[in-house]
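# Observations on the three-dimensional arrangement
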Amino acid sequence: MELVKKVEIITNSLELPQVLKILEKAGVSGYTIIENVTGTGDRGRVINDLGTQALTNGYVMSICTEKQEHQLVAAIEPVLKKFGGVCIVSDAQWIAH
Amino acid sequence: MELVKKVEIITNSLELPQVLKILEKAGVSGYTIIENVTGTGDRGRVINDLGTQALTNGYVMSICTEKQEHQLVAAIEPVLKKFGGVCIVSDAQWIAH
Amino acid sequence: MELVKKVEIITNSLELPQVLKILEKAGVSGYTIIENVTGTGDRGRVINDLGTQALTNGYVMSICTEKQEHQLVAAIEPVLKKFGGVCIVSDAQWIAH
Amino acid sequence: MNSSLILSNILNPPVLFFFLGMLAIFVKSDLEIPAPLPKLFSLYLLLAIGFKGGYELEESGINPQIVLTLLAAVFMASLVPVYSFFILKIKLDAYNAAAIAATYGSISAVTFITAQSFLKVLNINSDGYMVAALALMESPAIVVGIVLVRIFGKSKEKESEKSEFSWSEVLREAFLNGSVFLLVGSVLIGILTGAKGWEKLQPFTQGIFYGTLSFFLLDMGMVAARRIKDLSKTGSFLIAFSIFMPVANAIFGIIIAKIIGISQGNALLFAVLCASASYIAVPAAMRMTVPEANPSLYVSMALALTFPFNIIVGIPLYMNIIKIMGL
Amino acid sequence: MNSSLILSNILNPPVLFFFLGMLAIFVKSDLEIPAPLPKLFSLYLLLAIGFKGGYELEESGINPQIVLTLLAAVFMASLVPVYSFFILKIKLDAYNAAAIAATYGSISAVTFITAQSFLKVLNINSDGYMVAALALMESPAIVVGIVLVRIFGKSKEKESEKSEFSWSEVLREAFLNGSVFLLVGSVLIGILTGAKGWEKLQPFTQGIFYGTLSFFLLDMGMVAARRIKDLSKTGSFLIAFSIFMPVANAIFGIIIAKIIGISQGNALLFAVLCASASYIAVPAAMRMTVPEANPSLYVSMALALTFPFNIIVGIPLYMNIIKIMGL
Amino acid sequence: MNSSLILSNILNPPVLFFFLGMLAIFVKSDLEIPAPLPKLFSLYLLLAIGFKGGYELEESGINPQIVLTLLAAVFMASLVPVYSFFILKIKLDAYNAAAIAATYGSISAVTFITAQSFLKVLNINSDGYMVAALALMESPAIVVGIVLVRIFGKSKEKESEKSEFSWSEVLREAFLNGSVFLLVGSVLIGILTGAKGWEKLQPFTQGIFYGTLSFFLLDMGMVAARRIKDLSKTGSFLIAFSIFMPVANAIFGIIIAKIIGISQGNALLFAVLCASASYIAVPAAMRMTVPEANPSLYVSMALALTFPFNIIVGIPLYMNIIKIMGL
Ligand SMILES: Nc1ncnc2c1ncn2[C@@H]1O[C@H](COP(=O)(O)O)[C@@H](O)[C@H]1O
Ligand SMILES: Nc1ncnc2c1ncn2[C@@H]1O[C@H](COP(=O)(O)O)[C@@H](O)[C@H]1O
Ligand SMILES: Nc1ncnc2c1ncn2[C@@H]1O[C@H](COP(=O)(O)O)[C@@H](O)[C@H]1O
Ligand code: NA
Ligand code: NA
Ligand code: NA
């Protein structure tokens, strides 16, 4: 198995497309999305009970190399600063098909 | 990036409010929730096909400090003992907005 | 808390039953499932907008021992090779009820 | 047993869709009605029967007969879990016995609705106030069940933990759970808005009612069948209980119906309420208040056995008993 | 105020279901209408009123009165956020003031629909083209709000980031957000298919309309009540704003309605459009374009105060004012 | 081509809503119909047309003409994938050729339903048994596709893996996939409950039918348009295939319809069945049994090209051909 970095990003659903663009620019081999997650943070409670994604969160996870990770984190930071959210990095191993 | 603990808790959806109370008491800066996950454990299969949350699981993840983590784990344990579920802790790094 | 392995598998939803069989064969104590996640990988974009699971992904996470993990990874690899998807392993600690 | 009754029941589209749902699981079709669509149907059905019951109640007004019926309903809902508990205690611990007893003391709204639809096929009248009986019979068993656990359960908990138990939460769970709340609320709105409101909502609450019921029973057939394999761990005692207890409760209900002198149609609905078991509200309450009990026991008994039994065999059987007993 | 108007409003099933939803949260019932079911209802309602409005417009044709009304609609939708902004600036920074101003300049479709249903109870006519006014009033406030931020917001951003701002995205968000798009699209389809199309879709778009509205308001009652605790952080200035501003806007709207001489029913709908605040399209646009503003402020004001106020008190109150002013 | 036919098709609300959905994606509106709501509509449509078809079949009874038509249906469903395969093999490997061939051999239920609605606009009769043809044409192509892969696919798999392949699973996937199962089940229930059942369910299965179809086509327009960019990777050969093959299949179907002498309305439905391609059942089956094939090829061809082509151009075109050929 290959040593990799696992990057997880949680932010407002509306910013999801922007996050995916950043991931693609960093050249990751893929990512996985969980939509309409909720939570609490500095910007208050997020409840998924309005018929809009404007006020829910999106979760994206991507397995990438350490180099890609650095690029990713640098590019994601201003988005999080502006719209809120978190970016979590951890070590992992993986096999892809 | 800051070294942090990632705490993940999976338990019966009905106990979710109690888990969130424990998180807030421990003073974590936020958490993320995925509702209606399913699974299998000692208490049997969980299928999400009844119009009730009584028999589905909730997933909560919180990034916190090591100190908060200790407090959390201690407080969560009796809930898991009584109602079932698991609590997973791992190392990570993060940036928040 | 006990040192454990966290295994995460993301693959086409149709293969979920097969993955669960492998988990059960490896003797894991349980697993957690998130259905209808989406993503991108070598097999292209996955959008959850058709009334079928055929083209969405399933996410399974299982906490297990290192020994079970080895068995799991070996058994999962051919499935991923054939139908696509990824398997991620990381270190964690846990308490179960 | 009168075979035309069985046929009338089975040739009812909702019941046939129930079969179809079961069949889908047995033949391993990948037919799926994903969450939360079934929730839409069940909320709709509660709103619709509540609203209709309220409207009919407003039209008919209250009379002593109604009061008597409602008292009988509360009586049965409180009594059934008590005797069920002692029967179950023969083989089970107090936790599981109480949880199952509560399950059978409470009711299944969709079984009630299917019985209404059966009466409609036979052109037998029933009254709107039976919906009030339905609402009244959902909660008492939860309270009785918890009282039984408090008395008979040898608590493994330390005293400190025991103090956490809160009656206010239990009572809220019992009397304000979603289905009771929506049902009672819709009854009240039906009463308040009367004929005017009925006219406005009728295409929604009545027009598409049987279609939605069919759709919901299609799903329930799948849900029930999915749990049938869980029965293997249940044991023959509980399997027998899931069939015979409903019949006994129904007969008991019919006797009471005869005593208080209610009409054929209402008697069938009352019998069905006594015979049916809860697989939503009660399991949710028991999961929270009696976590020691095994949910897969009480859920699979109510869902995989009693529910299909009542839908397919029970409803015409109870009608037959009612006819034999000359109501 | 004419108490029979209040009663007519309150004894309307949709409004009662709204109360029931609020009550569910207050008594902590576990009643739940899980996502995305409410989305189904809101999409349905937009499609249905759009299609009906289009059909009626096709029947009646266009006349100068209609053009005048639609111009008045755009005028109010652009003016309300401007004066609201300067009132709000007394206590708030430019970001929050602009976001709240935009919220109150735009409209709430379900408030409009509830007012239509109130007119139906009273047998007062209104016209299909008011749906076009509804559609026209949704977007301008978003643009006005962003212009206000651009002028008055002391940008904390560096110049480099500022350049990222794209008007094309903002205008798309304003004029092509899902609800405006579906509404306008359905109006056009209603116009194009006329009486033939109407006949075919009528059981869907009309038959089950009030039932679905009731269901949706049940949910909206829960959604509104859930946000009431957030009001504690809002402060009395904004609480007062959430009640008095709608009334002022409605009166302003009624005066304009009198000047341009539109009928009682249309005047009520116009007043309600002026009085209502957006809690979906505008928050989404503001979250993206003015992330510095606090969503829990503008969402909870519009949803937990203005919306219930309009549904319960506002609609009959504005009707009363219309009657007093002799329209 | 008769322009009034095109107009009749396009001025049909469901078709206009399909356009509206496509437009939503093209202009980047944030309109969204989140999962699983579209599933609700598609299950509803299958249940409704199945039930109606069954009821009509029960009324009309079986005759040799019906048997002949159903045989022709199975014949075409088995033949189309064979000749499609050999055409596709010119440019593609056996896996992709077989998967696409299976896709075009099978059918799209919503195209069929839109054609029914087109016939209704034109007041042309069609028969309930065509729904049985629809059901019969869904599965054979799956089996044919897999047989073709078994014969022509140079398996990269080791022998040990090959043995894992299970025909029973394939046949289950082919004949018991959710849509076939629900459709056939609803037909049978429609037959069994006849006029009585029809009367009860008619407001549900018929009343709200066109509205729900409109809603579903709104979604399908979005789904189709979303895949249009994927076509860039498809290449002109496959793009041409997605348009010309349906027309060829339709003409072939019309010739057969003429030979066996079926009515105009039925002939159109038959042509549409031959012309349409599956984007749900077959892709699911192919994803499992021929994982070597690229799903974005067969899904985007069927969904982004053939489906809109049939809905917008194909249906009136095939009707025109039928008229020209004097059926
Ligand atoms: N400490 C945390 N742990 C896990 N998730 C978090 C944490 N802080 C914030 N989040 C997630 O990020 C979202 C946005 O955070 P914020 O911008 O702080 O409001 C929240 O709604 C949570 O879903
Ligand atoms: N080993 C495990 N790995 C991942 N999730 C687990 C594991 N064991 C239990 N769970 C989750 O926790 C829930 C409750 O577990 P239990 O109380 O053991 O039935 C299960 O339904 C699973 O979702
Ligand atoms: N690098 C990655 N990081 C996270 N998820 C991935 C990654 N690569 C693939 N996946 C997930 O696995 C699914 C199947 O991958 P593939 O077989 O490569 O198309 C994708 O749709 C993603 O959900
Ligand atoms: Na009972
Ligand atoms: Na307004
Ligand atoms: Na075909």
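Located above this text is the structure these notes cover.
Residues numbered from 1 in each chain as written. Chains lettered and ligands numbered in written order. Predicted model: local features only at pLDDT ≥ 70, side-chain atom pairs only at ≥ 80, totals over all residues. Heavy atoms only, no water.

### Regarding the overall build of chain A
Convention followed: Strands are runs of DSSP state E lasting at least 2 residues, helices are runs of H or I lasting at least 4, and numbering of each runs from the N terminus. Radius of gyration here uses only the C-alpha atoms, and the compact-globule reference equals 2.2 Å multiplied by the residue count raised to the power 0.38.
Within chain A, the regular secondary structure consists of 2 helices and 5 strands. Secondary structure elements in chain A, listed N-terminal to C-terminal, are β-α-β-β-β-α-β. For 97 residues, the compact-globule estimate of 2.2 N^0.38 gives 13 Å, and the C-alpha radius of gyration of chain A, at 14 Å, lies within 12% of that figure. Principal axes of the C-alpha set define a box for chain A whose edges measure 40 × 25 × 20 Å.

### Thoughts on the site of ligand 1
Our working definition: Think of it this way: one heavy atom of a residue within 4 Å of a molecule or strand is enough to make that residue near it. Pairs of N or O atoms within 3.5 Å make up the polar contacts considered here, provided that, within protein, one atom can donate a hydrogen while the other can accept it, and that residues adjacent in sequence are counted only when both atoms are side-chain atoms. In these tables, accessible area is a Shrake-Rupley quantity obtained with a 1.4 Å probe, and a residue counts as shielded only by the protein chains included in the view. Residue classes follow a fixed rule: Ala, Val, Leu, Ile, Met, Phe, Trp, Tyr, Cys and Pro count as nonpolar, while Asp, Glu, Lys and Arg count as charged, and any other residue, Gly among them, counts as polar.
Inspection of the region around ligand 1 gives 21 residues, with D42, R43 and N57 of chain A together with T32 and H97 of chain B positioned closest. Mapping the residues near ligand 1 onto chains gives chains A and B. One of the backbone N or O atoms of R43 of chain A is found 2.8 Å from an oxygen atom in ligand 1. S29 of chain B has a polar side-chain atom sitting 3.0 Å from a nitrogen atom of ligand 1. Burial of ligand 1 by the protein chains amounts to 97% of its free accessible area of 480 Å². Ranked by residue count, the leading element in the shell around ligand 1 is strand β2 (residues 31–41) of chain A, at 4 residues. Each residue belonging to the shell around ligand 1 can be placed in one class, and the counts come to 7 nonpolar, 12 polar and 2 charged.

### Topic: the pairing of strand β5 (residues 86–96) of chain A
In summary, the side chains of a regular strand alternate between the two faces of the sheet. Stated formally: Classification of residues uses two cut-offs on accessible area relative to the type maximum, computed with a 1.4 Å probe and protein chains only: under 20% is buried, over 50% is exposed, and between them is partly exposed. Two strands pair if DSSP finds at least two bridges between them.
By the criterion of burial, β5 of chain A is predominantly enclosed, with 8 of the 11 residues buried. Relative to β5 of chain A, strand β1 (residues 2–12) of chain A is paired through 9 bridges, and the arrangement is antiparallel. In the strand pairing of β5 of chain A, I10 of chain A is matched with V86 of chain A. Direction of pairing for β5 of chain A relative to strand β5 (residues 86–96) of chain B: antiparallel, over a ladder of 4 bridges. By the bridge assignment, C87 of chain A is partnered in β5 of chain B with I95 of chain B.

### Examining the environment of I254 of chain D
Residue and element names in this part refer to chain D. Quick note on the threshold: Residue contacts are counted whenever heavy atoms from the two residues lie within 4.5 Å of one another.
Within the secondary structure, I254 is located in helix α13 (residues 236–260). Along the sequence, I254 and A99 sit 155 residues apart, while their C-alpha atoms lie 25 Å from each other. If we skip the residues at most four places from it in the chain, I254 touches A271, Y318, I321, I322, M325 and L327.

### Some remarks on the site of ligand 3
Contacts to ligand 3 come from 21 residues, most closely from T32 and H97 of chain A together with D42, R43 and N57 of chain C. More than one chain approaches ligand 3, the contributing ones being chains A and C. Note that an oxygen atom of ligand 3 is positioned 3.4 Å from one of the backbone N or O atoms of Y31 of chain A. Contact with the protein chains covers 97% of the free accessible surface of ligand 3, which is 480 Å². For the shell around ligand 3, the secondary structure elements donating two or more residues are β2 and β4 (57–64) of chain A together with β2 (31–41) of chain C. In terms of residue count, β2 of chain C provides more of the shell around ligand 3 than any other element does, 4 residues in total.

### Considerations on the packing of aromatic side chains
Which entries qualify depends on this criterion: Aromatic pairs are defined between Phe, Tyr and Trp rings, using the six-membered ring for Trp, whenever the two ring centres lie within 6.5 Å; interplanar angles under 30 degrees are classed as stacked, those over 60 as edge-to-face, and all others as tilted. As a reminder, the over-ring test applies to NZ of lysine and CZ of arginine, requiring each to be within 6 Å of the ring centre and within 35 degrees of the ring normal.
This model, assessed by the stated rule, comprises 42 aromatic pairs over all chains. Both rings, one in Y279 of chain E and one in F307 of chain E, keep their centres 5.4 Å apart while their planes meet at 65°; by these two values the pair is edge-to-face. Remark: F307 of chain E occurs in helix α16 (residues 295–324) and Y279 of chain E occurs in the loop between α14 (264–275) and α15 (281–289); sequence separation between them is 28 residues. With a centroid separation of 5.1 Å and an interplanar angle of 85°, the aromatic rings of Y44 of chain F and F204 of chain F are classed as edge-to-face. With Y44 of chain F in helix α3 (residues 37–60) and F204 of chain F in helix α11 (residues 178–207), this pair connects stretches of sequence that are 160 residues apart. The burial state of Y44 of chain F is the same as that of F204 of chain F; both residues are buried. Aromatic rings pair up to connect F41 and F215 of chain D together with Y44, F204, F209 and Y210 of chain F into one cluster. Across from the ring centre of Y210 of chain E, 4.5 Å away, lies the NZ or CZ of K200 of chain D, which sits over that ring.

### Some points on the coordination of the sodium ion (ligand 6)
Residue and element names in this part refer to chain F. Inclusion rule: Water is not part of the atom set, so a site may look incomplete; the donors themselves are N, O and S atoms within 2.8 Å of the metal, or 3.2 Å for Na, K and Ca.
Every protein donor of the sodium ion (ligand 6) is accounted for by Y104 (O), S106 (O), L273 (O), C274 (O) and S276 (O), and the metal-donor separations fall at 2.5 to 2.8 Å. Positions of the donor residues of the sodium ion (ligand 6) along the chain correspond to the pattern Y-x1-S-x166-L-C-x1-S. In this pair, S106 sits in the loop between α5 (94–105) and α6 (109–121) while L273 sits in helix α14 (residues 264–275), placing the two residues 167 residues apart along the sequence. Overall, the relative accessible area of 1% leaves L273 in the buried class.

### Here we look at the interface of chain E and chain D
Which entries qualify depends on this criterion: Buried area: the sum, over both parts, of the accessible surface (1.4 Å probe) that disappears when the two are put together. Here, a salt bridge means any side-chain nitrogen of Lys or Arg that lies within 4 Å of a carboxyl oxygen of Asp or Glu.
Every contact between the two is made by 31 residues of chain E and, on the other side, 26 residues of chain D. On the chain E side of the interface with chain D, the three residues burying the most area are F17, L37 and F215 of chain E, jointly 22% of the side's total. Across the contact surface, chain E and chain D share 0 salt bridges. Linking chain E to chain D there are 5 residue pairs in polar contact (both at pLDDT 80 or more). Residue assignment for the side of chain E that touches chain D shows that the elements contributing at least two residues are α2 (13–26), α3 (37–60), α6 (109–121) and α12 (209–226) of chain E. Tallied by class, residues from the side of chain E that touches chain D come to 21 nonpolar, 7 polar and 3 charged.

### Focus: the interface of chain B and chain A
With 18 residues of chain B at the interface, the matching set in chain A holds 23 residues. Carbon and sulfur atoms supply 58% of the area buried between chain B and chain A, which totals about 1700 Å² over both sides. The salt bridge partner of E8 of chain A is K6 of chain B, with a shortest N-O separation of 2.7 Å. The interface formed by chain B and chain A includes 8 residue pairs in polar contact (both at pLDDT 80 or more). Those elements that place two or more of their residues in the side of chain B that touches chain A are β2 (31–41), β4 (57–64) and β5 of chain B. If one sorts the elements of the side of chain B that touches chain A by residue count, β5 of chain B sits on top with 6 residues. The class makeup of the residues in the side of chain B that touches chain A is 10 nonpolar, 5 polar and 3 charged. Where β2 of chain A meets β2 of chain B, 3 bridges bridge the pair, whose relative direction is antiparallel.

### Topic: the arrangement of the chains
Chain A shows no contact with chain D. Their nearest C-alpha atoms sit 14 Å apart. With no contact formed, the shortest span from any C-alpha in chain B to any C-alpha in chain F equals 14 Å.

All quantities given are derived from atomic positions and should not be read as evidence of function.
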